[in-house]
Structure formats: C-alpha cells, structure tokens
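Listed here are the chains, written in short residue letters.
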Amino acid sequence: MAAELTLSRGEPCIGCGARVGTEHAAGCREGHCPQTGLPQSICSGRHGHSGGGVWTGLVPGEGAAVSFGWFAELRPGEGWVPVEPRPDAVDYGADYMPDLNRVFSQARWSPAAQKWVPPRPSAS
Ligand SMILES: [Zn+2]
Ligand SMILES: [Zn+2]
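Small disclaimer: the values here were computed from a predicted structure and weren't measured.

1. Overview of the coordination of the zinc ion (ligand 2)
Then, number 1: Protein-derived ligands of the zinc ion (ligand 2) are Cys33 (SG), Cys43 (SG), His47 (NE2) and His49 (NE2), with the metal-ligand distances lying across 2.0 to 2.3 Å.
Then, number 2: Around the zinc ion (ligand 2) sit 4 donor atoms; with metal-centred angles ranging over 96 to 121°, the donor geometry is tetrahedral.
Then, number 3: All donor residues of the zinc ion (ligand 2) come from one chain, and their arrangement in sequence is C-x9-C-x3-H-x1-H.
Then, number 4: Of the residues examined, His47 reaches a relative accessible area of 35% and is grouped as partly exposed.

This is the structure in structure tokens:
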C-alpha cells in the first residue's frame with residue numbers, strides 16, 4: 001500500500017516544518033531512507049531510521065521523476081496513468097505530478113551516490 005505522498009513545491013517540510021535547505025527536526029521521517037531511497041515514513045526496512053537530513057524541498061523520488069521525465073496524471077475511473085511530461089506545464093498539481101511510484105518500482109537506488117539511477121536502457 002503506497003502511502004499518501006504530498007509534493008512540497010518548495011514549502012516547509014510537512015513533517016516537521018523545516019525550511020528548504022535546513023535540517024529536518026530529529027525524528028522527522030519525511031526525508032529519504034539512506035538505504036532504500038524511499039521516504040522513511042513508508043520504508044519497511046528494519047535498518048533503523050534516524051530521521052534528519054537536509055530538507056531539499058523535494059520529496060523523496062520527486063527530483064528523480066522529474067529528471068527522468070516520468071509523470072503521471074489522474075484520470076477519472078483509471079487512476080494514475082503514466083504520461084509524457086507536459087511541455088506546457090510549469091507546475092503540477094492534484095491531477096498531474098511526478099510519477100514517484102514509478103521511481104520507487106523501476107529505478108534503482110544507489111546508496112553510495114544517495115540518488116536514484118534510471119533502469120538500464122535496453123540494449124541498443
Ligand atoms: Zn521534516
Ligand atoms: Zn529504510
């Protein structure tokens with residue numbers, strides 16, 4: 001079950017109110033898990049979550065989805081459907097946003113680099 005994810009748009013962390021560029025409060029679990037890249041609030045790993053880290057203004061996976069061009073839109077009766085990035089969209093909202101679930105299910109988290117890397121392209 002995917003937890004409800006809320007995109008921040010550069011606003012203070014919804015968990016602890018940290019401003020962009022400052023550290024999350026101790027115990028805030030909105031930051032990413034260093035081991036899996038998932039939001040700590042939904043990571044089920046039993047490796048301990050210390051909270052903390054710098055709030056970048058992007059929820060875990062958001063920056064990766066944007067850089068990969070992975071977006072989804074909410075269609076009535078269908079749910080979230082992967083779509084091409086909308087060239088005319090400068091912002092996203094309740095029915096169009098970076099496809100975080102695709103990042104979490106298809107991209108690979110690199111603990112060394114602390115970032116998501118795209119799936120290997122199929123042989124060309
Ligand atoms: Zn926080
Ligand atoms: Zn974890």
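Resuming the write-up.
2. Examining the packing of aromatic side chains
Then, number 1: All chains considered together, the criterion is met by 4 aromatic pairs.
Then, number 2: Put simply, the rings of Phe104, Trp109 and Trp116 touch in pairs and so form one group of aromatic residues.
Then, number 3: Taking NZ or CZ as reference, Arg86 lies 4.1 Å from the ring centre of Tyr96, over its face.

3. A short note on the coordination of the zinc ion (ligand 1)
Then, number 1: Coordination of the zinc ion (ligand 1) by the protein is provided by Cys13 (SG), Cys16 (SG), His24 (ND1) and Cys28 (SG), with metal-donor distances spanning 2.0 to 2.4 Å.
Then, number 2: Around the zinc ion (ligand 1) sit 4 donor atoms, and with donor-metal-donor angles ranging over 107 to 113° the site reads as tetrahedral.
Then, number 3: Read from N- to C-terminus, the donor residues coordinating the zinc ion (ligand 1) fall into the pattern C-x2-C-x7-H-x3-C. With a gap of 12 residues between them, Cys16 in the segment before α1 (62-68) and Cys28 in the segment before α1 connect regions that are remote in the sequence.
Then, number 4: Judged by its relative accessible area of 7%, Cys28 falls in the buried class.

Definitions and limits used
Residues numbered from 1 in each chain as written. Chains lettered and ligands numbered in written order. Predicted model: local features only at pLDDT ≥ 70, side-chain atom pairs only at ≥ 80, totals over all residues. Heavy atoms only, no water. Donors = N, O, S within 2.8 Å, 3.2 Å for Na, K, Ca; no water. Tetrahedral: all angles 85-135°; square planar, octahedral: opposite > 155°, others 65-115°. Buried < 20%, exposed > 50% of the residue type's maximum accessible area, 1.4 Å probe, protein only. Phe/Tyr/Trp six-rings, centres within 6.5 Å; stacked < 30°, edge-to-face > 60°. Lys NZ or Arg CZ within 6 Å of the ring centre and 35° of its normal. Helix = DSSP H or I, 4+ residues; strand = E, 2+ residues; numbered from the N terminus.

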